[in-house]
Amino acid sequence: MITLAVETAEDWWEVEALYDLCFAPGRTALSSYRLREGVAPIAPLCFTARDEAGILGGAIRNWPVRVGGHLAILLGPVAVHPTRQGEGLGAYLMRRVIEEARDLGWERIMLVGDYPYYSRFGFERLEGVEMPPPTNPDRVLGQDLVPGAWVGVTGLVERAEDCNSAPAPHL
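Source: prediction; values computed, not measured.

Caption draft 1: Summary view of the packing of aromatic side chains. According to the stated counting rule, one finds six aromatic pairs in the structure shown. Pairing Tyr19 with Phe23 gives two aromatic rings, centres 6.2 Å apart and planes at 35°, and the pair type is tilted. In this pair, Tyr19 and Phe23 are both assigned in helix α1 (residues 12–23), four residues apart and thus about one turn of the helix distant. For the ring pair Tyr118 and Phe123, a centre distance of 6.3 Å and an interplane angle of 80° mean the geometry is edge-to-face. Judged by its relative accessible area of 15%, Tyr118 is buried. Each residue in the set Tyr117, Tyr118, Phe121 and Phe123 is aromatic and connected to the rest through ring pairs, giving one cluster. The ring centre of Trp150 lies 5.8 Å from the NZ or CZ of Arg108, which sits over that ring. A cation over an aromatic ring shows up here: Arg125 above the ring of Tyr115, its NZ or CZ 4.4 Å from the ring centre.

Caption draft 2: Local environment of the nonpolar core. The biggest cluster of nonpolar side chains holds 25 residues, and the ones touching the most others in it are Ile60, Ile73, Leu75, Met94, Tyr118 and Phe123. Elements with a contribution of two residues or more to this core: β2 (47–50), β4 (70–80), α3 (89–103) and β5 (108–112). The dominant element in this core, judged by the number of residues it contributes, is α3, at seven residues. Setting aside chain neighbours within four positions, we find Phe123 in contact with Leu75, Met94, Ile98, Ile109, Met110, Leu111, Tyr115, Tyr118, Leu141, Gly142 and Gln143. Leu35, Val65, Leu126 and Val140 belong to the second-largest nonpolar core, a separate cluster that totals 13 residues.

Basis of the calculations
- Residues numbered from 1 in each chain as written.
- Predicted model: local features only at pLDDT ≥ 70, side-chain atom pairs only at ≥ 80, totals over all residues.
- Heavy atoms only, no water.
- Phe/Tyr/Trp six-rings, centres within 6.5 Å; stacked < 30°, edge-to-face > 60°.
- Helix = DSSP H or I, 4+ residues; strand = E, 2+ residues; numbered from the N terminus.
- Buried < 20%, exposed > 50% of the residue type's maximum accessible area, 1.4 Å probe, protein only.
- Lys NZ or Arg CZ within 6 Å of the ring centre and 35° of its normal.
- Core = buried A, V, L, I, M, F, W, Y, C linked by side-chain atoms within 4.5 Å.
- Contact = heavy atoms within 4.5 Å.

As structure tokens, this is what we get:
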């Protein structure tokens, strides 16, 4: 049985180690990390997935960004430990974040990823939304969390201010 919980400061190093394992330490050189620097993740949208022994099997974090002045969620990274891959844990984390983001009143969510994989969660290619280089524009995907939220939203994706009510002690 897997238990999802909001990530805590005590989880931070373990989640970072999972990201390093799944994506390699060079992951922080990606353009999406420039948007995350100096900004705390959206605390209620960061989850850990642990088994009954408390072993971390997966994690997901999300950050606020602005696109043409409009606030959006930059989903990810999402990672599943290699020993847990193929069990649907990544999909479980994705669905939970999307559901929770809607419940919290967010209007739009985006990510950089493979369309064939993320389309099953409702993501579509975003025309006119520009991630910092070097990002393949075909991999810039988004989803309306309320109908029409991406209509007319174009421009450069930029870092947004911290949107948490309290500072994250681990950043």
